[in-house]
Amino acid sequence: HWKGLWKSALTCAYGGAWIAMNYRKGDFDRVFLGGMLSNIGKTSALRSLSSMAMSQKVSHTLSAPVVTMVLAHVNERLTREVVAKWNLPETIANILLNEDLTDANTGVVRLVNSMDAIRATPWHGARAITVFERSVAALKLSDAQLRALNTQMSEIEQSAASTAGV
């Protein structure tokens, strides 16, 4: 799971920065950092699960699908906790916590994050599709732009996978 989270962070960061630079949607530096941190709650949860497993506080091995579902379930709540604890700059905190997709930085990060979720997980859920559709509408991206982004994210994902050793 660690390598998958790293791959996802790189894919979201570089994919978001690509949109910001090529389509002038948001600030590429803020979008990049927002993409890197977009699943920070999952990272925090995985660290806790790993710690519990290492200290043998978990009596049985959790399957990969169960861990994935747990991480998805707690991501939003733990992201809020991490943002508060780390005292992140307001601009980055807003990207991670804001649901206002009319803010270009938030919209881009939500778009690439939802695309990554849809591409990576067969049972991604209706929420990812809803966020994807709302982000596309708020950013006013065309079908051609989405196809270009999908191609770009595939290339980024392949590069990130080799970097992460996935």
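Coordinates for the structure precede this section.
Residues numbered from 1 in each chain as written. Predicted model: local features only at pLDDT ≥ 70, side-chain atom pairs only at ≥ 80, totals over all residues. Heavy atoms only, no water.

Trainee: Please give an account of the overall build of the protein chain that cites residues and values.
Mentor: When its secondary structure is counted, the protein chain shows eight helices and zero strands. Along its sequence from the N terminus, the protein chain presents helices and strands in the succession α-α-α-α-α-α-α-α. The burial tally for the protein chain puts 39% of its 166 residues in the buried class. At a minimum sequence separation of 6, the contacts of the protein chain that also span at least 24 residues come to 71%. Taken as a whole, the protein chain presents about 9,400 Å² of accessible surface, with 55% of it coming from carbon and sulfur. (Helix = DSSP H or I, 4+ residues; strand = E, 2+ residues; numbered from the N terminus. Buried < 20%, exposed > 50% of the residue type's maximum accessible area, 1.4 Å probe, protein only. Contact = heavy atoms within 4.5 Å. Areas by Shrake-Rupley, 256 points an atom, 1.4 Å probe, with all protein chains shown as cover.)

Trainee: Pulling in residues and values, what's your account of the pattern of salt bridges?
Mentor: Pairing between side chains of opposite charge can happen when their charged atoms approach one another. Taken as a whole and judged by the stated rule, the model has three salt bridges. Among the salt bridges present, the one from R30 reaches D27, with a minimum N-O distance of 3.3 Å. R119 is the salt-bridge partner of E157, the closest N and O atoms lying 3.7 Å from each other. Within this pair, whereas E157 is found in helix α8 (residues 143–164), its partner R119 is found in helix α6 (residues 104–120), the two being separated by 38 residues in sequence. According to the relative accessible area criterion, R119 is partly exposed, its value standing at 30%. (Salt bridge = Lys/Arg side-chain N within 4 Å of Asp/Glu carboxyl O.)

Trainee: How would you sum up the environment of Y14? Please name residues and give values.
Mentor: Note on placement: Y14 falls in helix α1 (residues 2–23). Separated by 22 residues in sequence, Y14 and M36 place their C-alpha atoms 8.6 Å apart. Apart from the residues lying within four places of it in its own chain, the contact partners of Y14 are F32 and I156.

Trainee: Could you give me a rundown of the packing of aromatic side chains, with the residues and numbers involved?
Mentor: Counting across every chain of the model gives two aromatic pairs. Ring geometry for Y14 and F32: centres 5.0 Å apart, planes at 80 degrees, overall edge-to-face. Highlighted residues: Y14 in helix α1 and F32 in helix α2 (residues 28–37), separated in sequence by 18 residues. Take Y14: its relative accessible area is 47%, and that puts it in the partly exposed class. A relative accessible area of 28% places F32 in the partly exposed class. Between W18 and Y23, the aromatic rings sit 5.4 Å apart at their centres with planes inclined by 85 degrees, giving edge-to-face as the arrangement. (Phe/Tyr/Trp six-rings, centres within 6.5 Å; stacked < 30°, edge-to-face > 60°.)

Trainee: Please set out the side chain of S38 residue by residue, giving values where relevant.
Mentor: Here S38 lies in the loop between α2 and α3 (40–54). Assessed through its relative accessible area of 12%, S38 is described here as buried. Within the structure, S38 has its side chain in polar contact with the backbone oxygen of G35 (distance 3.0 Å). Ignoring anything within four residues of it in the chain, the contact list for S38 reads C12, N75, T79, L96, V109 and N113. (Polar contact = N/O pair within 3.5 Å; in protein donor to acceptor, adjacent residues only side chain to side chain.)

Trainee: Lay out α6 in plain terms, naming residues and giving numbers.
Mentor: Across its 17 residues, α6 extends 24 Å between first and last C-alpha, which sits within 8% of the 24 Å expected from 1.5 Å per residue. The complete set of buried residues in α6 reads N105, T106, G107, V108, V109, R110, L111, V112, S114, M115 and D116. (Expected span 1.5 Å × (residues − 1).)

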